[in-house]
Amino acid sequence: MYAPRSPRGHAAQVLLDACEGADLLVVGSRGHGGFIEALPGSVSQHCMQHASCPVVVIRGQDHDHA
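Caption draft 1: Representation of the pairing of strand E1 (residues 25–29) in the model. Here E1 shows a clear split, with Leu25, Val27 and Ser29 buried on one side and none of Val26 and Gly28 buried on the other. Two elements, E1 and strand E2 (residues 55–59), share 5 bridges in a ladder whose sense is parallel. Among the inter-strand pairings, glycine 28 is bridged to a residue of E2, identified as isoleucine 58.

Here it is in structure tokens:
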């Protein structure tokens, strides 16, 4: 069961700590537009490299073309 909380620390490390024992970690990625939009952000990248479970990165909606 999920219990909401407000942990403190570097975002990537907080997510990595929270996903211990999880089946999947889902993170968001800010859209910056253009080529940069295709790249994950630093927190997403760190989680993809160090998580103990699979990571799914959800890209934000492109507001310029919505």
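Caption draft 2: Highlighting the nonpolar core. In this structure, Ala12, Leu16, Cys19, Leu25, Val27, Cys47, Ala51 and Cys53 together form the largest nonpolar core, which totals 8 residues. Contributions of two or more residues to this core are made by helix H1 (11–18) and E1.

Caption draft 3: H1, seen in detail. Within H1 the residues assigned to the buried category are Ala12, Val14 and Leu16. Where H1 is buried, its residues touch helix H2 (42–50).

Criteria and cut-off values
- Numbers given for residues are sequential positions, taken from 1 along each chain in its written order.
- In keeping with the predicted nature of the model, local features appear solely for residues at pLDDT of at least 70, side-chain atom pairs appear and are counted solely at 80 or more, and the whole-chain, interface and lining totals rest on all residues.
- Values reported for side chains reflect all heavy atoms of the structure, with hydrogen atoms and water molecules removed beforehand.
- Here the term buried applies to any residue with accessible area under 20% of the maximum for its type, exposed to any over 50%, and partly exposed to those in between, with areas from a 1.4 Å probe on protein chains only.
- The helix count covers DSSP runs of H or I at least four residues long, the strand count covers runs of E at least two residues long, and both are numbered beginning at the N terminus.
- DSSP calls a pair of strands paired once it identifies at least 2 bridges connecting them.
- For this analysis, a nonpolar core means a set of buried residues of the types Ala, Val, Leu, Ile, Met, Phe, Trp, Tyr and Cys, connected via side-chain atoms within 4.5 Å.
- Residues are treated as being in contact if the distance between any of their heavy atoms lies within 4.5 Å.

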